[in-house]
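# Residue-level structural notes
If you want the building blocks of each chain, they are given just below.
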Amino acid sequence: MTTALPVADCPGADWDIFCRVIDNYGDIAVSWRLARILTEDHRQVVRLWVDDLNALVHLVPEVDPTEEQQSHHGITIIHWTDAPVTTPPARFVIEAFGCTLPEDYLKRMPGRTVAWFNLEYFSAERWISDYHGRFSPQPNGLQKQFVFPSTRPDSGGLLCEADLFRARDRFVHSEHTTWAHEWHIPLPNGLSLLLFGYENRAIGDLIDDLAQTTTEAVTIYLPEGRLLTSAREHLRYPELMAGDQFQRGTVTLHVLPFLPQAQFDRLLWLCDILFVRGEDSLVRALWAGKPFIWQIYPTDDQAHWEKLDALLDTCRGDLPAPAFDAWRTLTHDWNRQRLAPESWQNFIEHHAILASAAEKNRLTLAGQTELSNWLVKTAYERLQCRTN
C-alpha cells in the first residue's frame, strides 16, 4: 500500500503535468489519476495542462469543457492550446508519454524547474530496468529523466492511492449494495464478468460459449465504449445502449454508462473476472486482485505480443503450468479476436487458483515501489541538492 511522503518545507513547491490526448482516454486517465494522487496523498500543488477537455469530461463530469482554466479536487486544470504560455514553469514538470512541451515554456524552465520527468507508457519488459531513471540532456540546459511504470520491482512502479485497499475492503464488506443502487447497476447473479475493451470480434464467441456451456447464471457488465460496437454487430442489436439488458440462455448482459474514473474501481470490485484494455484499467485490475484478461493496443510491428507476454510473466508468481497456460491462451485468443471453444472452458476450470494468484500478485505489487512516491521522493531529493 502506498504511504504518503511528507512535503518538504519548501514554499511554492508545485507540479505541472502536460498531457496530449491521443486516443482511448488512456493518456488523460493516467495523467488525471496522477494529479489526484499528488494533490490528495502528497499535498502537492498541481496544474494539469490538457489539450482536449472533452476527453477529461468523460472521466470527471464536473469539468466544464468551455473553460480555459478551472479548479476541481484541488487541481488547476488548464486548456493547453497553441497560444503562448505565460505561466511561470513549475519546479517539478511531468511530460506525459513524450508529449512536447511548449517552446516558450521550455525557454523559461532553467533557473525555475528542478526536476523534469518524461512519464513513459507502461511496460513489463526486461529492458525498462536499464532505462528507468536515466537522464537525457536537453537543448535548454536541463536534464529530462525517464520514468517507466511497470510491474517489475526495479521500475517506477504503479500508481496507487493511499486509501485504495481500505476502500476496497469497505466496498466488498458493506458498501456494494448501496453503491450499485446509487449508480443504477444491477447486482451480479452468479459468475460476473466485466468486458471493457476495444472493438473485438471475439465478444460473440465469448457470449456464445457462456450461453452454451454454462448451466449456472452469468452476469456480464459491458460499459459504453468501443467494445459495445462489436456487441451490437454480433447480437444483431444495433440500438443496444446504456441501460439495456440482453438475455441469452443463462447469460445476462447489462450495458452500463461510461462511469467516472472515481467509480470505475468499484465496478471492478463487483466482478469476478475482468476484461480490461490499455493502461489505466490494467493497473486498476491488478489492484483489484481479480483474474484479468488484458487487451493490449496492437502495434503494426507486432511488438505488442512481447509486451503482453512480459506482463503475464511478471504476474505469474507460483501459478502452476496448467493454470498459467489457460490464462495465457485465453489472453492471446482475446487479443487475436478469435476465441477457441476450449479456451474459456479451460480458463474457468482454473478460476479458483487464478483468483488466489491474482490476490497474491496484488500483495506483491503493493510491497514494491509506488509511482507517485517515487516521483515525489526523487523530485524533493533534486530540490534538496539545488538548495544546499
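Here the structure is a predicted model, which means the values were calculated and not measured. (Residues numbered from 1 in each chain as written. Predicted model: local features only at pLDDT ≥ 70, side-chain atom pairs only at ≥ 80, totals over all residues. Heavy atoms only, no water.)

## Here's the deal with the sheet that holds strand β4 (residues 75-79)
The test is simple: Any two strands are treated as partners once DSSP identifies two or more bridges connecting them. Strands here mean DSSP runs of E at least two residues long; helices mean DSSP runs of H or I at least four residues long; both are numbered from the N terminus. Note on method: axes are straight lines fitted to C-alpha atoms, helices fitted across the in-contact stretch only, with angles between N-to-C directions ranging 0 to 180 degrees. We call two residues in contact when some of their heavy atoms are within 4.5 Å.
As summarised here, the arrangement of the 8 strands in space is β3-β4-β2-β1-β5-β6-β8-β7, forming an open sheet in which the pairing is mixed. Among the strands making up the open sheet, the edge pair consists of β3 (69-72) and β7 (135-137). Taking the axes of each pair of neighbouring strands and ignoring which way they run, one obtains an average angle of 25° across the sheet. Relative to β4, strand β2 (residues 45-50) runs parallel, the two being bridged by 4 bridges. Of the residues in β4, the one forming a bridge with R47 is T76. Sheet contacts for helix α1 (residues 26-40): β1 (14-19), β2, β3, β4, β5 (92-96) and β6 (115-119); angle to β1, the most-contacted strand, approximately 170°.

## So, the pairing of strand β8 (residues 143-147)
Inspection of the sheet shows β6 paired to β8 by 4 bridges, in the parallel sense. Note that in β8 the partner of N118 across the bridge is F146. For β7 and β8, the ladder comprises 3 bridges, and the chain directions are antiparallel. Within β8, the residue paired with F135 across the bridge is Q145. Adjacent in sequence and paired antiparallel, β7 and β8 are bridged by 5 residues, among which G141 carries a positive phi angle near 95°.

## Comments concerning the packing of aromatic side chains
Applied cut-off: Each Phe, Tyr or Trp ring (for Trp, its six-membered ring) is paired with any other whose centre lies within 6.5 Å, and the angle between the two planes then decides the class: stacked below 30 degrees, edge-to-face above 60, tilted in between. Type-normalised accessible area, obtained with a 1.4 Å probe on protein chains alone, sets the label of each residue: buried when under 20%, exposed when over 50%, and partly exposed for intermediate values. In this analysis the charged atom, NZ for Lys or CZ for Arg, is taken to sit over a ring once it is within 6 Å of the ring centre and within 35 degrees of the ring normal.
For the structure on display, the rule yields 23 aromatic pairs. When the centroid spacing of 4.9 Å and the interplanar angle of 75° are considered together, the rings of F18 and Y105 count as edge-to-face. Here Y105 lies in helix α3 (residues 103-108) and F18 lies in strand β1, a separation of 87 residues in the sequence. As far as the burial class goes, F18 and Y105 line up, both buried. Judged by centre distance (4.4 Å) and plane angle (20°), the ring pair of F97 and Y121 falls under stacked. One end of the pair, F97, is in the loop between β5 and α3; the other, Y121, is in the loop between β6 and α4 (128-131), and 24 residues separate them in sequence. The exposure class of Y121 is partly exposed, given its relative accessible area of 39%. Above the face of the Y131 ring, R134 is positioned so that its terminal group lies 4.5 Å from the ring centre. One residue, R336, lies across the ring of W305, its end atom 5.1 Å from the ring centre.

## Quick word on helix α13 (residues 351-366)
Heads up, the rule is: Expected helix span is given by 1.5 Å per residue-to-residue step, counting one fewer step than there are residues.
Here α13 is 16 residues long and its end C-alpha atoms lie 22 Å apart, about the 22 Å a rise of 1.5 Å per residue gives. Three or more residues of α13 are buried, namely H351, L354, A357, A358, N361, R362, L365 and A366.

## A few points about the confidence of the model for the protein
What counts, and what does not: How sure the predictor is of each residue is captured by pLDDT, a score from 0 to 100.
Residues with a pLDDT of 70 or more make up 96% of the protein, whose mean pLDDT is 93. In the model, residues 1-12 has pLDDT below 50 throughout and makes 32 contacts with residues more than four positions away in sequence or in other chains.

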